[in-house]
Amino acid sequence: MAAQLESRIETIISQRNQLETVLASMLEGVIAVDKDERIVSINRAAAQLFENDPASCQGKSIEEVIRSPAMQQFIRRSLTNKNPIEEDITVYQNEERIIEAKSAPLMDADQNQIGSLVVFNDVTQLRRLENMRRDFVANVSHEIKTPLTAIKGFVETLQQGKVDKAEENSRFLGIIQKHVDRLNSIVEDLLALARIEQKDEQKEINFEPAKIVDVCQAAIQLCHPKAEEKNIRIDLDCEKDTTAIIDPTLIEQAMVNLLDNALKYSEPQSTVLLKSHQQNSDVIISVQDHGIGIAQKHLPRLFERFYRVDKARSRKMGGTGLGLAIVKHIAQAHGGHVSVESQLGEGSRFSIHLPHVK
Ligand code: ADP
């Protein structure tokens, strides 16, 4: 009998150890709470989440272990609820985190609820991405709706034959044309962004050694007509021999976007400088203008999709609000980043930092 008892105890201990190992290696936080709101079991992930160590939590009340009142309330609700419940709960540690909590009742052999089991998942990143996607769809719809509404209005007026003067007729057609061009630019920029993201994800970017000066010259060439229109001189300051492993087409596109902005937001007769220099193993390409400049408070959000300092001005200039987002994605696809310095009324300098120069 003693041997049987010993073997049974061994089995129980081994099963308990197995269960503890499984719980400890779970990425999700798990706690079991009894009817008196005391912690029966807690795994490492849950203890970490509440900034505690698992051994010291055992047997304590939820108030002693969990600081978040919202989380305490969720657990209390789960104890009075026979059905599973779930909720996203925001907790504040060093920073704000969103925790998805799911509970299930703990039953004894007679199907009486003796407590509840709660599983926690940190969904901060996931929810952030979901919000970004939602905002993006809302922004795109809004941007497309504005020109579409205008086009619809002018087409209806023309259809109703209310405009009899030929010059008025052609003015209306001109406005329609402008809005169609706007729609086209938005779609082209969205496609450009999607292509860069896709190429980056699928590692399909055509990296090759290229002379930075050649890419700079090609970009200036493309912006020349616009610069001439405003009588703005584009200067180039670039070391001749700097070579980098880049996708020249993408870097050219980024430079064109920055030069295009510099021309758009500068007064006629001013100058723009396209400069490239090497700093340790990085190459920094910058575009500096003496234009309207940007207030400091806008700088952190400038590279977000559809962010504009002055919506009306950007639209009037034919901007889509996507140019800088494209530049940022191109830099990131090269393992680099972007930066901006600006003084209101004095001008701006946008830079692309590229690593690993040969
Ligand atoms: P947009 O198509 O509106 O120019 P971008 O993404 O290229 O969109 O730029 C976002 C916003 O940043 C612009 O609307 C403008 O307010 C500001 N901006 C960009 N470049 C400059 C610049 N060189 N000088 C002043 N403001 C700029």
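Residues numbered from 1 in each chain as written. Predicted model: local features only at pLDDT ≥ 70, side-chain atom pairs only at ≥ 80, totals over all residues. Heavy atoms only, no water.

A.B. asks: How should the site of the ligand be read in this particular structure?
C.D. replies: Residues in contact with the ligand amount to 20 residues; listed here are only the nearest, Asn-261, Asp-289, Ser-314, Thr-320 and Leu-324. In the model, an oxygen atom of the ligand is placed 2.8 Å from a nitrogen or oxygen of the Asn-261 side chain. Val-309 places a main-chain nitrogen or oxygen 3.1 Å from an oxygen atom of the ligand. Elements represented by at least two residues in the shell around the ligand include exactly helix H9 (248-264), helix H11 (323-333) and strand E12 (347-354). The greatest single-element share of the shell around the ligand, amounting to 3 residues, is contributed by H9. Class assignment of the residues belonging to the shell around the ligand gives a composition of 10 nonpolar, 7 polar and 3 charged. (Near = heavy atom within 4 Å. Polar contact = N/O pair within 3.5 Å; in protein donor to acceptor, adjacent residues only side chain to side chain. Helix = DSSP H or I, 4+ residues; strand = E, 2+ residues; numbered from the N terminus. Nonpolar A, V, L, I, M, F, W, Y, C, P; charged D, E, K, R; others polar.)

A.B. asks: Quick question: what am I supposed to make of the environment of Asn-184 here?
C.D. replies: Mapped onto the secondary structure, Asn-184 falls in helix H7 (residues 166-201). With 161 residues separating them along the chain, Asn-184 and Leu-23 place their C-alpha atoms 54 Å apart.

A.B. asks: Quick question: what am I supposed to make of H9 here?
C.D. replies: One turn of the α-helix equals 3.6 residues, which is why residues spaced by three or four share an orientation. The first and last C-alpha atoms of H9 sit 24 Å apart over 17 residues, in line with the 24 Å expected at 1.5 Å per residue. In terms of burial, H9 is largely enclosed, as 12 of its 17 residues are buried. What H9 keeps buried is the set Leu-250, Ile-251, Ala-254, Met-255, Val-256, Asn-257, Leu-258, Leu-259, Asn-261, Ala-262, Leu-263 and Lys-264. Here H9 starts with a cap whose side-chain oxygen sits 3.1 Å from the backbone nitrogen of Thr-249, and that cap is Asp-247. (Expected span 1.5 Å × (residues − 1). Buried < 20%, exposed > 50% of the residue type's maximum accessible area, 1.4 Å probe, protein only.)

Coordinates in, geometry out; function isn't part of it.
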